[in-house]
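Architecture and fold: a report
The residues making up each chain are set out below.
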Amino acid sequence: MNPQAKLIFTISLLMGTTITISSNHWVMAWAGLEINTLAILPLISKSHHPRAIEAATKYFLTQAAASALVLFSSMTNAWYTGQWDITQLTHPTSCLVLTTAIAMKLGLVPFHFWFPEVLQGSSLTTGLLLSTIMKLPPIALLYMTSNTLNPTLLTSMAILSAALGGWMGLNQTQIRKILAFSSISHLGWMTIIIVYNPKLTLLNFYLYALMTTAVFLTLNSINALKLSTLMTSWTKTPALSAMLFLTLLSLAGLPPLTGFLPKWLIIQELTKQNMALAAVALSILSLLGLFFYLRLAYCATITLPPHTTNHMKLWHTSKPTSSSISILTTVSATLLPISPLISTMI
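Each value, and the rule that gives it
Here, residues in each chain are numbered from 1, in the same order as that chain's written sequence. Residue-level local features of this predicted model are given only where pLDDT is at least 70; pairs of side-chain atoms are given and counted only at 80 or more, and the full residue set underlies all totals for whole chains, interfaces and linings. No hydrogens and no water enter the side-chain calculation; it runs on all heavy atoms of the structure. UniProt positions are given in the numbering used here, feature names are shortened, and annotations may be inferred rather than shown by experiment. We define a salt bridge as a side-chain nitrogen of Lys or Arg found within 4 Å of a carboxyl oxygen belonging to Asp or Glu. Secondary structure counts use DSSP, requiring at least four H or I residues in a row for a helix and at least two E residues in a row for a strand, with both numbered from the N terminus. Categorising residues by exposure relies on relative accessible area from a 1.4 Å probe, with only protein chains included: less than 20% of the type maximum marks a residue as buried, more than 50% marks it as exposed, and the intermediate range marks it as partly exposed. To qualify as a nonpolar core, a set must consist of buried Ala, Val, Leu, Ile, Met, Phe, Trp, Tyr and Cys residues joined through side-chain atoms within 4.5 Å. An automatic or database domain assignment is the source of the domain bounds shown. Pairs of residues are marked as contacts when any of their non-hydrogen atoms sit within 4.5 Å. Stacked, tilted and edge-to-face are the three classes assigned to paired rings of Phe, Tyr and Trp, where Trp is represented by its six-membered ring and a pair needs centres within 6.5 Å; plane angles under 30 degrees give stacked, over 60 edge-to-face, the rest tilted. For a ring to carry a charge above it, either NZ of a lysine or CZ of an arginine must fall within 6 Å of the ring centroid while also lying within 35 degrees of the normal to the ring plane.

Within an unreviewed UniProt entry, the label attached to the chain reads NADH-ubiquinone oxidoreductase chain 2, and the organism entered is Locustella luscinioides. One UniProt comment on the chain, placed under Sequence similarities (unreviewed entry), says "Belongs to the complex I subunit 2 family." Note on the chain: under the UniProt heading Subcellular location (unreviewed entry), the record states "Mitochondrion inner membrane".

Okay, structure coming up:
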């Protein structure tokens, strides 16, 4: 793709995200979401592969339907209450329609079907954008309207997302699909706590984005798209593979790594809200995710030659690792000690 075109699309992405998260009026928020959608479509379909075109089409149709529902929800609320302010969404029908629209935007169960397919049809860098920056505007809208949304509906969708995200990721061999189901599972953790402690949802999202960025950039650096190619990466970049191992375990939420922090705080908050059953259910379902993270980590670091892969062995590379990857993987593994500081901020 032309560098100038790529620059324009990237600036449009940042602009659309900024417009949505900083707006008070529903029409401005909707316009920001539309700019985002139109900016990411050329980045998804830039390879001109049939799979990429299919992914872009699925993404466009889903996001267009979700945007229409956002507009319908805000218009219904304005019709009944005379309010276009995002924080004044009070009509029950509008709240229900908005919850559906944001679930479609994010890829929450039962509107999750498009996300693994779109991620599989995209490159790793576009997949990174879809998993992180494209989730920020819908989560910002969820944050601003959290006090009026239905807690029972959000809790049900969250537990189903954690269950299906873990369950459907178990038998995947494509790394992008595994990361897509991982994203769905993490969204379940973010959604369940949004009504009770919205700041905790934002903390979870920031840490998830940090760890996912580290994983995507590492995989892009070693050019691994399938588990079978990941098996040969140890011979090429041993240090990077070791850090990938820690980052994947951090995504799984194992102590004493960074990923344990949001899970710990969410379980604590759910217990305070007398939702111990939901906390137990989420904790058990996170074991499904732990299995496929361990599977990825095993393929990346523990599977040493001789093994039965048909792929050619890679030469050990002397190319230095990008400093951004080094910083992100280190932070993804070592933030837990400052959890007292973080807990005082939320």
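Further notes follow.
**Re the pattern of salt bridges**
Applying the stated criterion across every chain, the model contains 4 salt bridges. The partner of Lys58 in a salt bridge is Glu54, and the shortest N-O contact between them spans 2.7 Å. One end of the pair is Lys58 and the other is Glu54, both in helix H3 (residues 50-81) and 4 residues apart, which spans about a single turn. We classify Lys58 as partly exposed; its relative accessible area is 29%. Between Glu117 and Lys177 there is a salt bridge whose closest N-O contact spans 3.4 Å. Pair noted here: Glu117 is in helix H5 (residues 114-120) and Lys177 is in helix H9 (residues 175-193), with a separation of 60 residues, a long-range link. Accessibility expressed as a relative area gives 25% for Glu117, which makes it partly exposed. Overall, the relative accessible area of 16% leaves Lys177 in the buried class. What emerges from the salt-bridge pattern is a single network uniting Arg51, Glu54, Lys58, Glu117 and Lys177.

**Observations concerning the nonpolar core**
Of all hydrophobic cores here, the largest spans 93 residues; its most connected members are Tyr59, Leu130, Leu219 and Leu230. Sort the elements by how many residues they give to this core and helix H14 (residues 276-302) lands first, with 12 residues. Both domains that furnish three or more residues to this core are identified here as domain 1 (1-136) and domain 2 (150-308 + 320-345). When residues no more than four places from it in sequence are discounted, the contact partners of Tyr59 are Thr37, Ile40, Leu41, Ile44, Trp114, Val118, Leu130 and Met134.

**Examining the environment of Asn220**
Relative to the helices and strands, Asn220 is located in helix H10 (residues 198-222). A C-alpha to C-alpha distance of 13 Å links Asn220 and Leu179, two positions 41 residues apart in sequence. Leave out the neighbours within four places in its chain, and Asn220 touches Leu124 and Thr125.

**With respect to the packing of aromatic side chains**
Going through the model one piece at a time under the given rule, you end up with 5 aromatic pairs. Ring geometry for Trp114 versus Phe115: centroids 5.4 Å apart, planes at 75 degrees, classification edge-to-face. For the pair Trp114 and Phe115, one class covers both residues: buried. These aromatic residues form a ring-pair network of at least three members: Tyr59, Trp114 and Phe115. Lying across the ring of Phe115, Lys135 places its NZ or CZ 3.7 Å from the centre. Cation over ring: Lys263 sits above Trp189, and NZ or CZ is 5.1 Å from the ring centre.

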